[in-house]
Amino acid sequence: VTFVESARLAEAIMESLKAHVNEDLVNGIRDMRRNILVLKTPGRPAVLIESGFLTNPKDRERLVQSWYQEEVARGIARGIVRYFESLNPVAYVKE
C-alpha cells in the first residue's frame, strides 16, 4: 500500500511541476520506475524530489535563483494538495 500511495503522490507532484513550472525547467523530469527506499517508516507515502544537480552548470545556475526555488516549491506544494484532495475524506482529518 505504501509504495502505491508513494507512486500516486509522486505522480501528482510530477504533473503539477510539469503544469506549473516553466516547460524548459521540467524537460528533465521523468518517471523513475525503480523501488527506491526513501524512508523506513511504513504506512506513509514518501517521495524523493531532485530539483537539479549542482554538477550540471545549467541546473546550478537555476538552483541559486530565488524565482526558480519558488516555482519548484509552488509546483511541489500544488502536487501535494492535489494528492490530499484525491484521498477519501474519511481517511484523513483536514485542519
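Residues numbered from 1 in each chain as written. Predicted model: local features only at pLDDT ≥ 70, side-chain atom pairs only at ≥ 80, totals over all residues. Heavy atoms only, no water.

1. What about the pattern of salt bridges?
The cut-off we apply is this: Basic side-chain nitrogens of Lys or Arg form a salt bridge, by our definition, when they fall within 4 Å of a carboxyl oxygen of Asp or Glu. Numbering of helices and strands runs from the N terminus; a helix is a DSSP stretch of H or I covering at least four residues, while a strand is a stretch of E covering at least two. A simple rule labels every residue: compare its accessible area, found with a 1.4 Å probe on the protein chains alone, to the largest value its type can have, and call it buried under 20%, exposed over 50%, or partly exposed in between.
Under the criterion given, the structure shown has two salt bridges. Put simply, glutamate 5 and arginine 8 hold a salt bridge, and the shortest N to O gap is 2.9 Å. Residue glutamate 5 and its partner arginine 8 are both found in helix 1 (residues 2–20); the two are separated by three residues, about one turn of the helix. With a closest N to O distance of 3.6 Å, arginine 74 and glutamate 70 form a salt bridge. Of this pair, arginine 74 and glutamate 70 both sit in helix 3 (residues 66–86), four residues apart, roughly one helical turn. Relative accessible area serves as the criterion here: at 42%, glutamate 70 is assigned to the partly exposed category.

2. Topic: the nonpolar core
For clarity, the cut-off: Here, nonpolar core refers to any group of buried Ala, Val, Leu, Ile, Met, Phe, Trp, Tyr and Cys residues whose side-chain atoms link them within 4.5 Å.
In terms of nonpolar packing, the biggest core is built from 11 residues, these being Leu9, Ala12, Ile13, Leu17, Val21, Leu63, Tyr68, Val72, Ile76, Tyr83 and Leu87. Breaking this core down by element, the ones donating at least two residues are helix 1 and helix 3.

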